[in-house]
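# Breakdown of the fold
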Amino acid sequence: MELPPGITYLLEVFPRFAIPSIIAYLSLYLLEKREPSFSIPSWAAIILAIFTRPIILIFNHYHSIWVNKRAAAANNAVLAPSLPKSPLTIVSEFAWNSRHGHPGVAILLLFTPYQPAICLILLTKVLAISHIPPQAINIKLKMAEGSVFFSQAHSLLGEGVFNSDGEMWKFHRAMTRPFFTRERITDFDIYDRNWNISLQIAKDRLSEGFSLDIQDLISRFTLDSATEFLFGGAVGSLSAGIPYPPAHKERNSSLFYNHPSTSFVKAFTEGLWLVAERSNLGKEWSLWEFNRDKITPLRRIIDDFTEPLLRKALDTHANDMNSEASLKHKDEVTLLEHLVKHTRDTKFLKDELVNLLVAGRDTTMCLLTYAIYMLAEHPGIEKRLREEIFAKVGPTEAPKYEQMREMRYVKAFLNEVLRLYPPVPSNGRITTKPVLLPAVHPGGKPIYVPKDTSCIYPVINIHRRTDLWGPDALEFDPDRFLDERVQKYLVPNPFIFCPFNAGPRICLGQQFAYNEATFYLVRLLQNFTEFTLDNSVNVPPPEEWKSEGGRKAKEKVHPTSHLTLFVKGGLWIRMKEFSTSEI
Ligand code: HEM
């Protein structure tokens with residue numbers, strides 16, 4: 001029988017707390033026995049015993065800094081700056097955190113306090129420490145060899161390409177990567193089918209005179225497309241419909257609430273929230289979920305959906321094996337069909353599917369949601385996009401891969417959305433070995449990052465820095481990906497743009513995401529125009545943002561994040577049907 005998470009955790013931590021105290025107390029007791037001249041009152045012995053562990057922790061912390069400084073000096077480098085910690089923080093952190101024997105130094109790279117970004121849950125926990133130069137962005141490549149932060153996500157994701165490290169990760173990556181080839185991700189039939197359903201839903205809602213939550217509609221589009229692409233069976237969340245504005249929620253049909261897809265969507269979304277919460281809490285999440293792991297039942301709901309599809313894929317593969325002729329001609333269409341050729345391990349297969357769904361759904365939804373937010377804010381850009389789309393694709397046809405490649409302004413537009421609103425706004429690695437980074441200033445000393453250091457890199461801040469992107473870094477301007485600014489900023493320093501991460505763990509679905517987003521955008525602009533925010537429904541950004549300057553002061557809606565960025569309360573918009581007579 002599995003013990004509740006809280007008990008397991010306490011059993012694990014208790015000895016580390018108790019043993020030093022017991023040893024200290026016994027030592028004092030024995031000393032007193034052997035040396036009668038030595039006497040210490042019991043209360044003092046108890047206090048000393050209680051404080052033994054904290055004293056050791058504080059000593060360890062400063063000792064480790066000293067050791068690391070020496071190691072840095074031996075490499076003719078300087079120790080990476082770390083978050084300042086009070087003795088109390090050191091004790092509370094290490095008292096609880098059992099992951100590392102050594103005090104990992106949490107460093108927050110590339111953060112500039114002068115460009116207030118969106119207040120992210122993760123970032124509020126850490127302080128800005130210093131200004132490290134662009135070269136240090138190379139840390140991303142090196143850290144890519146480090147371990148990822150997702151240990152808290154295990155009960156949702158299990159072990160898959162997104163959530164594993166070392167040899168296991170290499171294995172998963174090697175297994176999934178061949179599927180993301182050009183041919184497989186340029187079959188747009190799935191998008192077209194789901195687009196047509198989305199289009200009808202949007203038209204119906206607008207004709208009723210209501211604005212619509214485009215974020216919700218897109219999340220259904222991306223979920224149904226991703227499940228069909230990966231598993232070979234769509235969740236069908238689009239057929240549940242979309243919500244009415246909160247003031248009219250009585251209009252939501254019972255189908256909206258009770259649709260079979262709803263439990264899947266709810267389980268999936270709640271699971272992601274819990275993972276984000278756990279990432280904030282660290283190992284101590286088990287104290288908050290003391291009696292039961294809240295994610296496990298959610299994962300079961302997700303598995304209930306994938307189970308029949310998995311069985312079908314395994315059976316089909318078994319039949320194909322029996323009939324050599326059909327095997328010869330059969331090319332796998334879904335990721336699942338691809339994977340069952342390599343393994344019949346159902347746990348492995350289910351974990352991989354969930355990993356890919358987590359990696360691929362909310363990220364693309366975020367890109368498209370913020371793209372529409374920007375269309376509403378910049379009508380001139382909408383016009384230019386449409387001109388290019390009509391020139392390359394036409395007013396009604398579905399876009400093809402070759403046409404997508406030619407639409408340079410569309411790509412620049414999507415990149416600019418990814419720059420200001422990166423779907424994964426912050427990322428992190430833990431070093432598995434010491435790393436030397438380039439010097440801050442030419443001629444300066446390199447930076448030494450010790451083993452077991454937690455490094456958080458806030459992509460959203462890197463993307464908004466004026467010293468990296470120029471004085472207009474906070475403006476939304478797709479042309480920066482087309483004009484002389486490319487040569488000036490991006491070419492000499494490509495890591496300043498890293499929405500898909502970089503290095504060995506770069507996103508596998510990058511091209512998939514560009515294709516899906518381009519497809520949606522083309523269809524959207526062929527059918528609709530005059531996007532406006534319905535600010536009677538949208539959740540406004542916090543009042544104090546107005547006085548904080550930067551992008552915050554420009555926001556009309558409230559960007560926020562769990563693992564990925566989204567718009568709080570949805571993006572409620574109105575749009576007009578586009579008529580070709582307007583060309
Ligand atoms: C705009 C859309 C997307 C963005 C911004 C994005 C971003 C990212 C980022 C930042 C990572 C690195 C995570 C880390 O450091 O651990 C990542 C990894 C990954 N992404 Fe994406 N992603 C997007 C879409 C997709 C799609 C559509 C798929 C698949 C259908 C996908 C599959 C993956 C996988 C498998 C990984 C793990 C790679 C590895 O660790 O080896 N992504 N993505």
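Definitions and cut-offs
- Residues numbered from 1 in each chain as written.
- Predicted model: local features only at pLDDT ≥ 70, side-chain atom pairs only at ≥ 80, totals over all residues.
- Heavy atoms only, no water.
- Helix = DSSP H or I, 4+ residues; strand = E, 2+ residues; numbered from the N terminus.
- Buried < 20%, exposed > 50% of the residue type's maximum accessible area, 1.4 Å probe, protein only.
- Contact = heavy atoms within 4.5 Å.
- Areas by Shrake-Rupley, 256 points an atom, 1.4 Å probe, with all protein chains shown as cover.
- Donors = N, O, S within 2.8 Å, 3.2 Å for Na, K, Ca; no water.
- UniProt positions renumbered as here; feature names shortened; annotations may be inferred.
- Domains from an automatic or database assignment.
- Buried area = accessible area lost by both parts, 1.4 Å probe.
- Salt bridge = Lys/Arg side-chain N within 4 Å of Asp/Glu carboxyl O.
- Polar contact = N/O pair within 3.5 Å; in protein donor to acceptor, adjacent residues only side chain to side chain.
- Nonpolar A, V, L, I, M, F, W, Y, C, P; charged D, E, K, R; others polar.
- Pairing = 2+ DSSP bridges.
- Axes fitted to C-alpha atoms, helices over the stretch in contact; angles between N-to-C directions.
- Near = heavy atom within 4 Å.
- 1 Å grid on protein atoms, 1.4 Å probe; cavity = no way out; pocket = protein on both sides within 12 Å on 5 of 7 lines; lining within 4 Å.
- Points joined across faces, edges and corners; volume = space filled by probe spheres on them.
- Expected span 1.5 Å × (residues − 1).
- pLDDT = per-residue confidence, 0-100.
- Core = buried A, V, L, I, M, F, W, Y, C linked by side-chain atoms within 4.5 Å.
- Phe/Tyr/Trp six-rings, centres within 6.5 Å; stacked < 30°, edge-to-face > 60°.
- Lys NZ or Arg CZ within 6 Å of the ring centre and 35° of its normal.

It is worth spelling out the overall build of the protein at this point. Helix and strand counts for the protein stand at 24 helices and eleven strands. Sorting the 583 residues of the protein into buried and exposed places 53% on the buried side. A sequence separation of at least 24 residues applies to 76% of the contacts in the protein between residues at least 6 apart. Of the accessible surface of the protein, which amounts to about 26900 Å², a share of 59% is contributed by carbon and sulfur atoms.

With that settled, the discussion passes to the coordination of the iron atom of the ligand. For the iron atom of the ligand, the protein supplies a single donor, Cys-507 (SG), at a distance of 2.3 Å. With respect to the helices, strands and loops of the structure, Cys-507 is situated in the loop between helix H22 (485-490) and helix H23 (510-527).

Attention shifts here to the UniProt feature "binding site: heme" (unreviewed entry) in the protein. As recorded in UniProt, the sites labelled "binding site: heme" (unreviewed entry) are Cys-507. Since its relative accessible area comes to 30%, Cys-507 is described here as partly exposed.

This part covers the domain arrangement of the protein. Partitioning the protein into domains gives domain 1 (5-75) and domain 2 (96-533 + 552-582). With 15 residues of domain 1 in contact, the opposing surface of domain 2 contributes 17 residues. Contact with domain 2 buries area across many residues of domain 1, yet Pro-5, Tyr-9 and Asn-75 alone supply 41% of it, more than any other trio. The interface formed by domain 1 and domain 2 holds zero salt bridges in total. Across the domain 1-domain 2 interface, the total number found is one residue pair in polar contact (both at pLDDT 80 or more). Every element with two or more residues in the side of domain 1 that touches domain 2 is listed here: helix H1 (5-34) and helix H2 (42-74). For the side of domain 1 that touches domain 2, the element with the most residues is H1, which contributes eight residues. The residue inventory of the side of domain 1 that touches domain 2, partitioned by class, reads seven nonpolar, six polar and two charged.

If you trace the three strands from one edge of the open sheet to the other, you get E3-E11-E8, paired in antiparallel fashion. If you trace the sheet from one side to the other, it starts and ends with strand E3 (212-213) and strand E8 (528-533), each paired once. Across four bridges, E8 lies against strand E11 (residues 572-577) in antiparallel orientation. Bridge assignment links Phe-528 to a residue of E11, and that residue is Glu-577. Across the sheet, H23 touches E8 and E11, and the angle it forms with E8 is around 100°.

Turning our eyes to something else, we now look at the sheet that holds strand E5 (residues 435-437). Strand order in this open sheet of three strands is E1-E6-E5, and the pairing throughout is mixed. Every other strand in the sheet has two partners, leaving strand E1 (78-79) and E5 as the edge strands with one partner each.

A word on the site of the ligand. Close contacts around the ligand come from 25 residues, with Trp-169, Arg-173, Asn-427, Asn-501 and Cys-507 the closest. A distance of 3.5 Å separates a nitrogen atom of the ligand from a polar atom in the backbone of Ala-359. Between the ligand and Arg-505 there is a distance of 2.9 Å, counted from an oxygen atom to a side-chain nitrogen or oxygen. Looking at the shell around the ligand, the elements with two or more residues in it are helix H7 (166-176), helix H16 (346-377), strand E4 (427-430) and H23. For the shell around the ligand, the leading source of residues is H16, giving six residues. Its residues assigned to classes, the shell around the ligand comprises 16 nonpolar, six polar and three charged.

Further remarks concern the layout of surface pockets. Taken as a whole, the second largest pocket spans an internal volume of roughly 870 Å³. Forming the walls of the second largest pocket are 32 residues, and the residues nearest its centre are Asp-216, Ser-219, Arg-220, Val-265 and Thr-269. Elements with a contribution of two residues or more to the lining of the second largest pocket: helix H9 (214-231), helix H10 (254-258), helix H11 (260-281), H16 and strand E10 (565-567). In terms of residue count, H11 provides more of the lining of the second largest pocket than any other element does, six residues in total. Taken together, the residues of the lining of the second largest pocket sort by class into 14 nonpolar, ten polar and eight charged.

Below, the discussion takes up H16. With 32 residues, H16 should reach 46 Å at 1.5 Å per residue; the first-to-last C-alpha distance of 47 Å fits that figure. Taken across its 32 residues, H16 has 27 buried, putting it largely inside the fold. Where H16 starts, the residue carrying a side-chain oxygen 3.1 Å from the main-chain nitrogen of Lys-347 turns out to be Asp-345.

In this section: the confidence of the model for the protein. On average, the protein scores 82 in pLDDT, and the residues at 70 or more come to 85%. Taken element by element, the predicted model of the protein shows its lowest mean pLDDT in helix H4 (residues 121-124) (29) and its highest in helix H19 (residues 408-420) (98). Ignoring residues within four places in sequence, the model shows residues 95-147, a span with pLDDT below 50, making 164 contacts including any to other chains. For this predicted complex, the interface score ipTM comes out at 0.99, alongside a pTM of 0.86.

Counting 119 residues, the largest nonpolar core has Ile-214, Phe-413, Tyr-520, Phe-531 and Met-575 as the members making the most contacts within it. For Phe-413, the residues in contact, after removing those within four places along its chain, are Ala-371, Met-374, Leu-375, Ile-381, Leu-385, Phe-476, Pro-478 and Leu-521. Of all hydrophobic cores here, the second largest spans six residues; its members include Ala-80, Val-435, Leu-437 and Cys-455.

Counted by the stated rule, this structure contains 26 aromatic pairs. Taking the centre distance of 5.2 Å and the plane angle of 55° together, the rings of Phe-179 and Phe-229 count as tilted. With Phe-179 in the loop between H7 and helix H8 (189-207) and Phe-229 in helix H9, this residue pair connects regions lying 50 residues apart in the sequence. Of the two residues, Phe-179 and Phe-229, both sit in the buried class. Aromatic side chains Phe-264 and Phe-268 sit 6.1 Å apart centroid to centroid with 5° between the ring planes, which places their arrangement in the stacked category. You can see Phe-264 and its partner Phe-268 sitting in helix H11, four residues apart, about one turn around the helix. Note on Phe-268: relative accessible area 1%, which makes it buried. Every member of this aromatic cluster is reached through a ring pair, and the members are Phe-179, Phe-180, Phe-188, Tyr-191, Trp-195, Phe-221, Phe-229, Phe-512, Phe-519 and Tyr-520. Over the face of the ring belonging to Trp-285 we find Arg-278, whose NZ or CZ atom lies 3.6 Å from the ring centre. The residue whose ring lies beneath Arg-419 is Trp-469, and the NZ or CZ to ring-centre distance is 5.1 Å.

A few words now on helix H17 (residues 379-392). With 14 residues, H17 ought to run about 20 Å at 1.5 Å a step, and its terminal C-alpha atoms sit 20 Å apart, in line with that. The complete set of buried residues in H17 reads Ile-381, Glu-382, Leu-385, Arg-386, Glu-388, Ile-389 and Phe-390.

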